[in-house]
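# Per-entry structural report
Here's the letter readout for the chains.
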Amino acid sequence: MTRIAKRFLWIGAVATSCHAGDTLIICGEQLPPYAYLENGVPAGIDIAVARHVFGQLGVPVTFELEPFARCQSALKQGTADVGLAISNTLDRQSFVHFPKSYVWLASFVFFTNKATLPGHTIAGLDDARKSGLRIGIIRGTSYHDRFWQTFPAQDKAVNDGYNAALDPAADTATNLRKLQGNRIQLYPQDRSVGLWEAKRAGLGEVPYYDTVLFTKGYYNAFSRASHFSSSRYPDITALLAAYDAKLEEFKRSAQYQAIFAGVTQGQPK
């Protein structure tokens, strides 16, 4: 049985049969415009960058788009080789290798709803804490140290260990729908991701506060438990070294800039 056949496939995942270890399995959550399904085919900035860089390295790839927590578990187990859009945190360094260079830099803002916006001025994390508003998050996402200092963890037996003000969910689309139904009132997300997901999900205009809460880089992270091997790259660390050099080269190119411009031109106003 191949490694892909052993994986639990999520609806929307794209998988192809391969010999164990010689095709790179890349997992990631749907975060348009960076990664999403278009007519059942993976598309977006992260997908385009991965296809180009690994293509230049002569490594075939297959993509599995699934909830973030499931992708993170696959990276820990080595049933996925690379994870898209992974931010560099100390705990994740225990199960993935991080390249030197990130693929893109996120700017997080608070998305909200039309019922909340007129009555609350939210200019940062402290304002959100003092407001008493319910805040949606994606389960397993690292966010930022300042975020967790503002909303510290509680007893793990309650609310998955999250602060009482936080409401964990599987993905961005779920949180945007919860905003729409006023089940949460704030949701921190990269501005372009939130706008694209609202458009893709047919949710119409979703308001947000202009204040940038924090920025963070997102990487293609390589599983320490990966069994990837090929005639050119004996293991995942050899591939990582080649990837590092190729990505740095690619980021200096006009083609890299064109990938970002071509996708972000369609961003909703």
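Residues numbered from 1 in each chain as written. Predicted model: local features only at pLDDT ≥ 70, side-chain atom pairs only at ≥ 80, totals over all residues. Heavy atoms only, no water.

Inspection of the secondary structure assignment puts Asp22 in the loop between helix H1 (3-6) and strand S1 (24-28). The exposure class assigned to Asp22 is partly exposed, which follows from its relative accessible area of 29%. Sequence separation of Asp22 and Ser231 is 209 residues, and the distance between their C-alpha atoms is 8.7 Å. Setting aside residues up to four positions removed in sequence, Asp22 forms contacts with Pro60, Phe228 and Ser229. (Helix = DSSP H or I, 4+ residues; strand = E, 2+ residues; numbered from the N terminus. Buried < 20%, exposed > 50% of the residue type's maximum accessible area, 1.4 Å probe, protein only. Contact = heavy atoms within 4.5 Å.)

Evaluated as defined, the whole model comprises 6 salt bridges. Residue Asp167 pairs with Arg134 through a salt bridge whose shortest N-O separation is 3.8 Å. Of this pair, Asp167 sits in strand S9 (residues 166-169) while Arg134 is found in the loop between helix H4 (125-131) and strand S8 (135-138), placing the two residues 33 residues apart along the sequence. Residue Asp167 pairs with Lys178 through a salt bridge whose shortest N-O separation is 3.0 Å. (Salt bridge = Lys/Arg side-chain N within 4 Å of Asp/Glu carboxyl O.)

Right, let's talk about the state of the cysteines for a bit. Here the structure, examined in full by the defined rule, presents 1 disulfide. Note on cysteine connectivity: Cys27 is disulfide-linked to Cys71, with sulfurs 2.0 Å apart. On the sign convention where negative is left-handed, the bridge of Cys27 and Cys71, at about 65° about the S-S bond, is right-handed. Residue Cys27 is found in strand S1, and its partner Cys71 is found in helix H3 (residues 68-77); the two are separated by 44 residues along the sequence. By relative accessible area, Cys71 is classed as buried at 1%. (Disulfide = S-S within 2.5 Å.)

Interpretation note: all reported values are geometric properties and have no functional meaning in isolation.
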